[in-house]
Amino acid sequence: MARGKVRYWAAAKEAAGVAEEAFEATNLDELMTKITENRAELARVVKRSSFLVNGSPVGRRAHGDVVLEDGVTVEVLPPFAGG
């Protein structure tokens, strides 16, 4: 099981109530389950978000296939408005 930190941006940060937090998880799917437990608004935001793992985009890979290693940083990026 990897230990790391998850960083929240924009609406995800607001829904989480923190900018970042520590976690333990083996893959991205497990991490998403853990961070959204009893956090309905964060779960709603996470469903629409994209993710970076140590700065690399997850893209369309299945979250269960994204293995996390010790010291990893996962960033939760909700859709941004802009122009």
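Per chain, residues are indexed from 1 in the order of the written sequence. This being a predicted model, a pLDDT of at least 70 is required before a residue's local features are given, and a value of 80 or more before pairs of side-chain atoms are given or counted; all residues contribute to the totals for chains, interfaces and linings. Side-chain figures throughout are based on the complete set of non-hydrogen atoms in the structure, without hydrogens or water.

A. Examining the environment of Thr73 more closely. In DSSP terms, a helix is any run of H or I states spanning at least four residues, a strand is any run of E spanning at least two, and both are numbered starting from the N terminus. Topologically, Thr73 is positioned in strand β5 (residues 72-77). C-alpha separation for the pair Thr73 and Gly59, spaced 14 residues apart in sequence, amounts to 16 Å. In this analysis, two residues are considered to be in contact whenever any of their non-hydrogen atoms come within 4.5 Å of each other. Beyond its immediate sequence surroundings of up to four residues, Thr73 is in contact with Lys5, Arg7, Leu52, Val53 and Asn54.

B. Spotlight on helix α3 (residues 40-48). Those residues of α3 not exposed but buried are Leu42, Val45 and Val46. Projected down its long axis, α3 shows its buried positions confined to an angular sector of 100°, all on one face. Counted as exposed and oriented over 90 degrees from the buried face of α3: Ala40 and Lys47. Buried-residue contacts for α3 involve β1 (2-8), α1 (11-16), α2 (28-36), β3 (50-53) and β5. Only protein chains enter the accessibility calculation, which uses a 1.4 Å probe; a residue whose area is less than 20% of its type maximum is buried, one above 50% is exposed, and one in between is partly exposed. By arc we mean the arc of the directions from the helix axis to the C-beta atoms, nothing more.

C. Here's a closer look at the side chain of Thr36. Position of Thr36 among the secondary structure elements: in helix α2. Among the residues examined, Thr36 registers a relative accessible area of 18% and is labelled buried. Here Thr33 takes part through its backbone oxygen, which lies 3.5 Å from a polar atom of the side chain of Thr36. The contacts of Thr36, once residues within four sequence positions are left out, are Leu42, Ala43 and Val46. Polar contact is the term for a pair of N or O atoms within 3.5 Å; when the atoms are in protein, one must be able to donate a hydrogen and the other to accept it, and sequence-neighboring residues count only if both atoms are side-chain atoms.

D. Here's a closer look at the packing of α2 against α3. Structural elements are reduced to axes, namely lines fitted to C-alpha atoms, with helices fitted over the stretch in contact, and the angle between N-to-C directions of any two is expressed from 0 to 180 degrees. Where α2 contacts α3, the axes come no closer than 8 Å and their chain directions differ by 150°. Between α2 and α3, the interaxial angle falls into the category roughly antiparallel. Judged by residue contacts, Met32, Ile35 and Thr36 of α2 engage Leu42, Ala43 and Val46 from α3. Class assignment of the residues belonging to the contact of α2 with α3 gives a composition of five nonpolar, one polar and no charged. An angle counts as roughly parallel when it lies under 35 degrees, as roughly antiparallel when it exceeds 145, as roughly perpendicular when it falls between 65 and 115, and as oblique in every other case. Amino acids are sorted into nonpolar (Ala, Val, Leu, Ile, Met, Phe, Trp, Tyr, Cys and Pro), charged (Asp, Glu, Lys and Arg) and polar (every other residue, Gly among them).

E. Layout of α2. The set of residues buried in α2 consists of Leu28, Leu31, Met32, Ile35 and Thr36. One face of α2 carries all of its buried residues, which in axial projection span an arc of 115°. The opening residue of α2 is Asn27, an N-cap whose side-chain oxygen sits 3.1 Å from the backbone nitrogen of Asp29. Positioned one or two residues after α2, Asn38 has a phi angle of 60°, which is positive.

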